[in-house]
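Summary of the model geometry
Single-letter residue listing:
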Amino acid sequence: TVDPTGMPWFAKGDGDLFRGVAYEEVRLSMPIVSDGKVEFSFATVSGVNYVVQVWRDLGLPWAELARVAGNGSTVTITDTPPAEAGTSFYGVFQE
């Protein structure tokens, strides 16, 4: 079994939330899904760079959503998925 503690949340277009496998020690906050937007936060480590990616189509690769230079603070990412995106998966990866 996998302990879901600290695993990132994924938002489905209808507002359902799912957890997935976390990468390294990046822990995403519970997302806020409101008015067609998805917002989540994560703590950064000073000197570590992060790439936030989104995956909306199983036939396409992950797409870069943002790059964040870690400075020891918490950052918030906001995404507005297109209306036709049924499901969006989010990942935060350390470079």
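What counts, and at which threshold
- Residues numbered from 1 in each chain as written.
- Predicted model: local features only at pLDDT ≥ 70, side-chain atom pairs only at ≥ 80, totals over all residues.
- Heavy atoms only, no water.
- Pairing = 2+ DSSP bridges.
- Helix = DSSP H or I, 4+ residues; strand = E, 2+ residues; numbered from the N terminus.
- Axes fitted to C-alpha atoms, helices over the stretch in contact; angles between N-to-C directions.

What follows deals with the sheet that holds strand β3 (residues 32-34). On the basis of which strands lie adjacent, the open sheet formed by three strands has the order β3-β4-β7 and antiparallel pairing. Strand pairing shows two members of the sheet lacking a second neighbour, β3 and β7 (74-79), which therefore form its edges. On average, each strand axis in the sheet is inclined to that of its neighbour by 20°, with strand direction left out of account. Note that β3 and strand β4 (residues 37-43) share three bridges and pair antiparallel. Within the sheet, the bridge partner assigned to Ser34 lies in β4 and is Lys37.

All right, on to the pairing of strand β5 (residues 49-55) then. Where β5 meets strand β6 (residues 63-69), six bridges bridge the pair, whose relative direction is antiparallel. What sits directly across from Val54, in β6, is Ala63. With six bridges connecting them, β5 and strand β8 (residues 87-94) associate as antiparallel partners. Among the inter-strand pairings, Val52 is bridged to a residue of β8, identified as Val92.

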